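Results of the structural survey
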Amino acid sequence: MSYDINLKHLEYFIKVARLGSINKAAQMLYVSQSHLGKIIHDLEETVGAPLLNRSRQGVTLTPEGNEFLERSVRILKEMEGMHLRPLKEMEKTEPLAVSMTKFSHVMESFITIVRRYQDQPEFTHRLYEGQLEDVIEDVVSGRADIGIFHFDSQRHEEIQMMAAAKGLTYRFLSYVEPQIVISKDHREKKPMTRENLANYGFIRYMGLYDDILSNILGPNEDGGSTGKKKEIYVTGRATLMNLISQTDFYSIGIHDFDKQLSDFRAVSVPIPGCEVKLEFGYVTLADVPISGIGEEFLKEVRERLERGQDV
């Protein structure tokens, strides 16, 4: 026996059964009573049993009609699950809220994920930049779900304890070697030692720990906190990169990011004899699971950072 039943006809049957009247159902469905009556008759022919008891007062369900009603409702719910639930999930992407210390590798990872879901009709993503303490506070306050930062790897236990004290879980991402970031047009073909950089200016972020710079550049002999007499302090990553692109100043970063050369004509150069390892990691609220989009973002960050481990 063929059960080629139109799903719309099941909806019509359910409406008739619930209203107890073919006439009322036809008015609600904006179809003629005769057309609706024929649909119900065809359903009965297909099933091979009467579904309705008809009278002047209306219609009632037969035992077969009761069973058919239950199955019709179940079928339509299953079809709704196949078509509507995935659509609703697509309508609103999970939010991605990240706080980060100023590294373009992390920013590029964020952009990659945002672009991956840019065709979704609704989403809200947030990216904040600050110093290590700012990043931690952003996660503690709930402003961000994931906080990514870097520090001298010798501070690992200190950072882990500080995170735990604030109700956060710290997880390691990657070790990365610090490098000199300098304009391709101004770089001389010689090692990036303190002596060879003596005539260059130095660009640094306000609030960046002096001990990190001292460990990377070597002990100070004269000048300011970095041993430099020419320093520029900035707060923004874009400002720092634009200064590098247009001057002979340099800064401390890591290996090249995707658009470093094309957008800023800047290159990353290894520092001879530097034993410092920058550790990148992230914090989340303890016992709070990371969302799917958050996991995708962290995977992107890890892959970008690990590109420079062999440098």
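Everything here concerns the structure above.
Here the focus is the side chain of Thr-284. With respect to the helices and strands, Thr-284 occurs in strand β12 (residues 278-285). Those residues within four positions of Thr-284 in sequence are excluded, and the remaining contacts are Val-139, Asp-145, Ile-146, Gly-167, Leu-168, Thr-169, Arg-171 and Ile-290.

The subject of this paragraph is the pattern of salt bridges. Tallied over the entire structure, the rule returns 16 salt bridges. With its nearest N and O atoms 3.4 Å apart, the salt bridge here joins Glu-177 to Lys-277. Placement of the pair is Glu-177 in the loop between β6 (168-176) and β7 (179-183) and Lys-277 in the loop between β11 (266-270) and β12, with a sequence separation of 100 residues. A residue is classified by how much of its surface remains accessible, and Glu-177, at 26% relative accessible area, is partly exposed. In this structure Lys-277 comes out as partly exposed when scored by relative accessible area, which is 33%. Where Arg-304 meets Asp-258, a salt bridge forms, and the shortest distance between an N and an O atom there is 2.8 Å. With Arg-304 in helix α11 (residues 292-306) and Asp-258 in the loop between β10 (250-253) and α10 (260-264), this residue pair connects regions lying 46 residues apart in the sequence.

What follows deals with the sheet that holds strand β3 (residues 96-100). Strands sit in the order β4-β3-β5-β12-β6 across an open sheet of 5 strands; the sheet is mixed. With one partner strand each, in any of the chains shown, β4 (125-129) and β6 form the two edges of the open sheet. Taking the axes of each pair of neighbouring strands and ignoring which way they run, one obtains an average angle of 20° across the sheet. In this sheet, β12 lies alongside strand β5 (residues 146-152) in antiparallel orientation, the contact comprising 6 bridges. If you follow His-150 over to β12, its bridge partner there is Phe-280. Along the sheet, α11 makes contact with β3, β4, β5, β6 and β12, crossing β6 at roughly 30°.

Most of β12 sits out of view: 7 of its 8 residues are buried. In this sheet, β12 lies alongside β6 in antiparallel orientation, the contact comprising 8 bridges. Each bridged residue has a counterpart across the sheet, and for Thr-169 the counterpart in β12 is Thr-284.

Along the chain, Ile-244 falls in helix α9 (residues 237-246). Considering only alpha carbons, one finds Ile-244 and Phe-202, 42 residues apart in sequence, at a separation of 9.4 Å.

Cut-off values and rules
Residues numbered from 1 in each chain as written. Predicted model: local features only at pLDDT ≥ 70, side-chain atom pairs only at ≥ 80, totals over all residues. Heavy atoms only, no water. Helix = DSSP H or I, 4+ residues; strand = E, 2+ residues; numbered from the N terminus. Contact = heavy atoms within 4.5 Å. Salt bridge = Lys/Arg side-chain N within 4 Å of Asp/Glu carboxyl O. Buried < 20%, exposed > 50% of the residue type's maximum accessible area, 1.4 Å probe, protein only. Pairing = 2+ DSSP bridges. Axes fitted to C-alpha atoms, helices over the stretch in contact; angles between N-to-C directions.

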